[in-house]
Amino acid sequence: DAEITQSPRHKITETGRQVTLACHQTWNHNNMFWYRQDLGHGLRLIHYSYGVQDTNKGEVSDGYSVSRSNTEDLPLTLESAASSQTSVYFCASSESKIGAEAFFGQGTRLTVV
Amino acid sequence: DAKTTQPPSMDCAEGRAANLPCNHSTISGNEYVYWYRQIHSQGPQYIIHGLKNNETNEMASLIITEDRKSSTLILPHATLRDTAVYYCIVRSPNTGNQFYFGTGTSLTVIP
């Protein structure tokens, strides 16, 4: 079955380190998204991509970057981790067509100490 | 983007229908209404979506008012496993088809 997987599921890192969270989908979806979730804020969009070599900033993109070198993967990089980036991160993918649903991964819990 | 307004919390008795409202008074004609839910800290799960007509699937029904300014998600026979946070989302092709989540409705199904 097609799926979307995130890794790692849990990570603890130190302030100032570079961290990369992986997202891999096997649906061959063009659209991929990264969200963060914090108490009281619901899910907030960080970055998104409509296809290979395409990346766009979302609501809360400062301190994050993404790259899309193939259809299946959209890694999220924290250039210099900060305590404010302690959060749960979710990746999602969807078809390009209007009206398509998005499928979410199980999340990565990141703690910056 | 059309913003959505949902009550922060609701209770429902097990076995009864759960009716979750959502207001989206600024919705445009080409914007879809989606519903997702999130159980504990799992990834959001797709429930249903619609544009103008009412929709039904194996999980729920979606009732959209004629003026499209509000909608209701109906879980016909709520179970304890339906306890979750439910998000109503308006997805706009005008702004890149993003899924913008609000804070949702926390539904508690009571035995």
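Keep in mind that this is a model prediction, so the values were computed, not measured.

Conventions used here
- Residues numbered from 1 in each chain as written.
- Chains lettered and ligands numbered in written order.
- Predicted model: local features only at pLDDT ≥ 70, side-chain atom pairs only at ≥ 80, totals over all residues.
- Heavy atoms only, no water.
- Salt bridge = Lys/Arg side-chain N within 4 Å of Asp/Glu carboxyl O.
- Buried < 20%, exposed > 50% of the residue type's maximum accessible area, 1.4 Å probe, protein only.
- Core = buried A, V, L, I, M, F, W, Y, C linked by side-chain atoms within 4.5 Å.
- Helix = DSSP H or I, 4+ residues; strand = E, 2+ residues; numbered from the N terminus.
- Contact = heavy atoms within 4.5 Å.
- Pairing = 2+ DSSP bridges.
- Axes fitted to C-alpha atoms, helices over the stretch in contact; angles between N-to-C directions.
- Phe/Tyr/Trp six-rings, centres within 6.5 Å; stacked < 30°, edge-to-face > 60°.

(A) Quick look at the pattern of salt bridges. Residue and element names in this part refer to chain A. Counted under the stated rule, the structure contains four salt bridges over all chains. For the salt bridge of R17 with E14, the shortest nitrogen-to-oxygen distance reads 3.4 Å. Between R36 and D38 there is a salt bridge, with its nearest N and O atoms 2.9 Å apart. The same class applies to R36 as to D38, namely buried. If you follow the salt bridges from partner to partner, you end up with R36, D38 and R44 in one network.

(B) Structural context of the nonpolar core. Residues W35, L73, Y86 and L107 of chain B are the most contacted members of the largest nonpolar core, which totals 22 residues. At the level of elements, strand 2 (18-23), strand 3 (32-38), strand 4 (45-50), strand 6 (61-64), strand 7 (70-75), strand 8 (84-91) and strand 9 (105-110) of chain B are the ones that each hand at least two residues to this core. In terms of residue count, the dominant contributor to this core is strand 8 of chain B (four residues). Excluding residues that lie within four positions of it along the chain, L73 of chain B makes contacts with A18, N19, L20, W35, I47, I48, A60, S61 and Y86 of chain B. In this structure, L43 and V88 of chain A together with Y46 and I89 of chain B belong to the second largest nonpolar core, which totals 18 residues.

(C) Spotlight on the sheet that holds strand 6 of chain B. Residue and element names in this part refer to chain B. Reading across from one edge, 2-7-6-5 is the order of the four strands in this open sheet, with antiparallel pairing throughout. Sheet topology places strand 2 and strand 5 (55-56) at the edges, where each strand pairs with a single neighbour. Looking at chain direction, strand 2 and strand 7 are connected through six bridges and run antiparallel. Its bridge partner being in strand 7, A18 is matched across the sheet by L75.

(D) The arrangement of the sheet that holds strand 7 (residues 64-66) of chain A in detail. Residues and elements named next belong to chain A. Read from one edge of the open sheet, four strands run 1-3-8-7, paired in antiparallel fashion. If you trace the sheet from one side to the other, it starts and ends with strand 1 (4-7) and strand 7, each paired once. Strand-to-strand, the axes of this sheet are offset by a mean angle of 20 degrees, without reference to chain direction.

(E) Quick look at the packing of aromatic side chains. All names here are of chain A. Within this structure, the stated rule accounts for 15 aromatic pairs over all chains. Consider the rings of Y35 and F104, whose centres lie 5.7 Å apart with planes at 40 degrees: the pair is tilted. Of this pair, Y35 sits in strand 4 (residues 31-38) while F104 sits in strand 10 (residues 102-104), and the two are 69 residues apart along the sequence. For the pair formed by Y35 and F104, the shared burial category is buried.

(F) Quick peek at the pairing of strand 1 of chain A. Residues and elements named next belong to chain A. Of the two faces of strand 1, only the one carrying I4 and Q6 is buried; T5 and S7 on the other face are not. Sheet topology note: the strand 1/strand 3 (residues 19-25) ladder contains four bridges and is antiparallel. Bridge pairing in strand 3 places T5 opposite H24.

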